[in-house]
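# Descriptive structure summary
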Amino acid sequence: MYWNRETSKPSASHEGEIIREARIIALSDPNDVYNEPLYYGPLPDGSKLLAVGSSAENFDKEEIISQKPNVMFVSHPNSRGPLAKGMFSSTLAEYCMMACSYFAKDLPRLMKQKNNIQWQQYPVLELRGSTLGVVGYGDIGRASAKLAKAYGMRVLGLKRNASSFSDPYCDHLYGIDGLHSLMAESDYILISTPLTEQTRGMISADVLSHCKQSAVIINVGRGPIIDENALIEVLKEGKIKGAGLDVMTIEPLPESSPLWTLDNVLLSPHNMDMTLTFMRESTEFFINENLPRFVKGKQLLNPVDKAAGY
Amino acid sequence: MTISTSAFIAIARTGRSIAKTVSPRATFPSISLLSHHDDDLYRLSSNTVFRAYTVSPRLAKKAWDPSLDQYKYWNREDSKKGEASYVLDMSPESIQKEARILCLAAENDDANNPLTKGVLPFGAKLLKSGVAPDDFDHASIKEQRPNVLFVSPSCPHARHQLPKMLRLFPSIDWIHVRSAGIDFLESEELPVVLTARPNLVVTNAKGQFSSSLAEYVMMACAYFAKDIPRLLRQKGAKVWHDFDITELRGKTMGIVGYGDIGRAAAKLASVYGMRVVALRRNPAKSEFDPICDEVYGTGKDALQKLMSVSDYVVCSAPSTVETRGMVNADAFKASKADQVFINLGRGPVVDENALLESLKNKTLRGAALDVFATEPLPPDHEFWDMDNVLISPHNMDKTATFMHEATEFFVNENLPRFVLGDALLNPVDPSLGY
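An account of the accompanying structure is given in this report. (Residues numbered from 1 in each chain as written. Chains lettered and ligands numbered in written order. Predicted model: local features only at pLDDT ≥ 70, side-chain atom pairs only at ≥ 80, totals over all residues. Heavy atoms only, no water.)

This part is about the overall build of chain B. Scanning chain B from terminus to terminus reveals 15 helices and 12 strands. Going through the 434 residues of chain B one by one, you find that 53% of them count as buried. Look at the contacts in chain B between residues 6 or more apart in sequence, and 73% of them connect residues 24 or more apart. (Helix = DSSP H or I, 4+ residues; strand = E, 2+ residues; numbered from the N terminus. Buried < 20%, exposed > 50% of the residue type's maximum accessible area, 1.4 Å probe, protein only. Contact = heavy atoms within 4.5 Å.)

This is the structure:
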């Protein structure tokens, strides 16, 4: 049901007859170059683009309404996340391993030594044999686990619905009640859950207190999943080794935030999945995968559970 | 059919009851070792038996091909540990000879504790540990006729000490080098001494450090792909600017010197979805390598071809007469645009001035260097000032236990093989330099 850019087979031919038309309106920026495959086509048989506009008023015209559009394509420059599930997992997995290595090889120390023109050998840690804890074992978590396994790491996962789940890349899967155990056992912790009412503030001061002192926390989910003030406290006090943060509670991060000046924080401006091609690939996925499925009455990929929020 | 082969078949048929009364050594048919004359290097005596290593059926066909000699080499992650020690423990009567060991190392080199303070296999004993030939020049040691020399890179002036040691002790059959690199032993005298001793075997610690260096390789690639230098600059200036990053997936990694380290890096790179091309002296040996997409031989054209197709170049070649200065200005001229160059082999393999130029004129996007022509890197070297150079003090394989593990490899894997009269792992050819 879910599309993964690396592992899903592109549907070479969507066999089947066209049983309905797709009349598309695109709620997006008409100048967005990444949507060109949609605006300029060609679109699959049975689909046509009625109009493009960046707000509802653009569509309030008789000639559009009368055609009864049945498909809406939404593309906001700042929107990421569940709408294009599976699209960027491998890019974020690459970031996850980089963040782990950044602390394992002590790059902060390397940078300091470089600044001081100091040649001093120090021991490095191996990722091999260490433990990666994935909080939110979804598509991103799994892609990261796949890499971690290649490195020889042990992988723990945590999922909302942990029952009847087995995955070759995950050595042990916890349910929600296993969060403290996962934190206590892991050397590197990846937060890759979506932001929902359940996950908001999930990584609290109490949860952080279960971490090893050598733990590294990596957040690619959403800032508010972690209690940012609590995180800053444990980072300042050296209660954990460090953090790799691609997302923050407030973005852009205000200048006053201590995160800017903490040595043991790897900060990135929510761009670790921002490849030159990701937006375009999202649009192409819509055109090449889901539109043909729609017109032939097949099940669509990447359904989103509106109630759950992802 | 030789007698030993028929004995093997008889034992196989009648089972354990007879096997108990016959030494296990006799059950292995004595195969005259591979016609390839290079293998003479590790043939210790005419009684050398070839141990049948178990390999997966997929590789079994290749494992018996004499020109693909991967069974000779140790890999810390993949190789089966303790096979030889097990045999020795189970049947100590199988020993063919004693190991009388001399250890050449710096004083207080703790990494040698598994040898100097540990429990050695049956039949092996350490005669003395010292810093220079003078430490060993005593009648009491000479008359014991030591036959094994263990050399650590910590030994000062090792390249001068080694020929002296060999002349002092003509009884030495086997030199084991604790590190992987043997360039620290190069001298003009050594080939002369070795030519007079054709039965002398030299082994090293190949395969012991590969996976930690592979981790460094992927980190160095990601360092530039995600533009960590820019992240750090922006962090320092408290600037929030989201910029596009590149993926490693789909990119090409070119490995110069496709040995154990190169292969470990290729393994990781392939899981990332990268394409791997490689360069080695014997490309035929990697013809069926599932991880490597293309393998080239040596020569200027091959190197330039590799440079022209690779987004990330990993230089993991040892420093030998052939490789010194190999990656030069001509090679960099052929570099693909925005290439990242990673050196974790030896500094002298790369022409450092050519590298510096290429970094300055943006032929290269950046470089990650763990090794340099002169170490420590002199404080006035231009690399220190360059934003697009990741400098590490030759420590990216230096885990807390790595050298202890290298000594343990000698004690637990090669020493038992020696006393059993088996082929030793990790033979090196000093004339080739690796």
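Having put the structure on the table, let's press on.
For the rest of this paragraph, the subject is the environment of Asp 242 of chain B. Residue and element names in this part refer to chain B. With respect to the helices and strands, Asp 242 occurs in the loop between helix H10 (228–236) and strand E6 (252–256). On the accessibility criterion, Asp 242 (33% relative accessible area) is partly exposed. Placed 11 residues apart in sequence, Asp 242 and Leu 231 show a C-alpha to C-alpha distance of 9.6 Å.

Once that is clear, we can look at the pattern of salt bridges. Here the structure, examined in full by the defined rule, presents 32 salt bridges over all chains. Here Arg 76 of chain B makes a salt bridge to Glu 405 of chain B, at a shortest N to O gap of 2.8 Å. On the criterion of sequence distance, the pair formed by Arg 76 of chain B in the loop between helix H3 (57–63) and helix H4 (83–90) and Glu 405 of chain B in helix H15 (residues 402–419) is long-range, its members being 329 residues apart. Comparing Arg 76 of chain B with Glu 405 of chain B, the two get one shared label, buried. The shortest N-O distance in the salt bridge between Arg 167 of chain B and Glu 189 of chain B comes to 2.5 Å. Of the two residues, Arg 167 of chain B is situated in helix H7 (residues 158–168) and Glu 189 of chain B in helix H8 (residues 189–195); the sequence distance between them amounts to 22 residues. Given a relative accessible area of 34%, Glu 189 of chain B falls into the partly exposed group. Look at the salt bridges and you will find they share partners, linking Glu 126 and Arg 128 of chain A together with Arg 76, Glu 77 and Glu 405 of chain B into a network. (Salt bridge = Lys/Arg side-chain N within 4 Å of Asp/Glu carboxyl O.)

The partner chain B presents 50 residues to the 55 residues of chain A that form the contact. Interface area for chain A against chain B, summed over the two sides, is near 4800 Å², with a carbon-plus-sulfur share of 67%. Counting the surface chain A buries against chain B, the share from its top three residues, Lys 114, Trp 119 and Trp 260 of chain A, is 18%. Taken together, the links from chain A to chain B amount to 4 salt bridges. The salt bridge partner of Glu 77 of chain B is Arg 128 of chain A, with a shortest N-O separation of 3.8 Å. On inspection of chain A and its partner chain B, the count reaches 21 residue pairs in polar contact (both at pLDDT 80 or more). Contributions of two or more residues to the side of chain A that touches chain B are made by helix H3 (89–104), helix H4 (107–115), helix H5 (139–151) and strand E10 (265–267) of chain A. (Buried area = accessible area lost by both parts, 1.4 Å probe. Polar contact = N/O pair within 3.5 Å; in protein donor to acceptor, adjacent residues only side chain to side chain.)

When the terminal C-alpha atoms of H3 of chain A are compared, their 22 Å separation across 16 residues agrees well with the 22 Å that a helix rising 1.5 Å per residue should span. Looking one or two places after H3 of chain A, you find Asp 106 of chain A, whose phi comes out positive at around 55°. (Expected span 1.5 Å × (residues − 1).)

Moving on to the packing of aromatic side chains. Within the structure shown, the criterion is met by 12 aromatic pairs over all chains. Relative to Phe 103 of chain A, the ring of Tyr 102 of chain A has its centre 5.2 Å away and its plane inclined at 80°; by these criteria the two rings are edge-to-face. For the pair shown, Tyr 102 of chain A and Phe 103 of chain A are each scored as buried. When the centroid spacing of 5.4 Å and the interplanar angle of 75° are considered together, the rings of Phe 332 of chain B and Phe 341 of chain B count as edge-to-face. Put simply, the rings of Phe 150, Trp 174, Phe 410 and Phe 418 of chain B pair up and form one aromatic cluster. The cationic tip of Arg 20 of chain A hangs over the ring face of Phe 294 of chain A; the distance from NZ or CZ to the ring centre is 4.0 Å. The ring of Phe 418 of chain B has Lys 97 of chain B sitting right over it, with the charged end atom 4.6 Å from the ring centre. (Phe/Tyr/Trp six-rings, centres within 6.5 Å; stacked < 30°, edge-to-face > 60°. Lys NZ or Arg CZ within 6 Å of the ring centre and 35° of its normal.)

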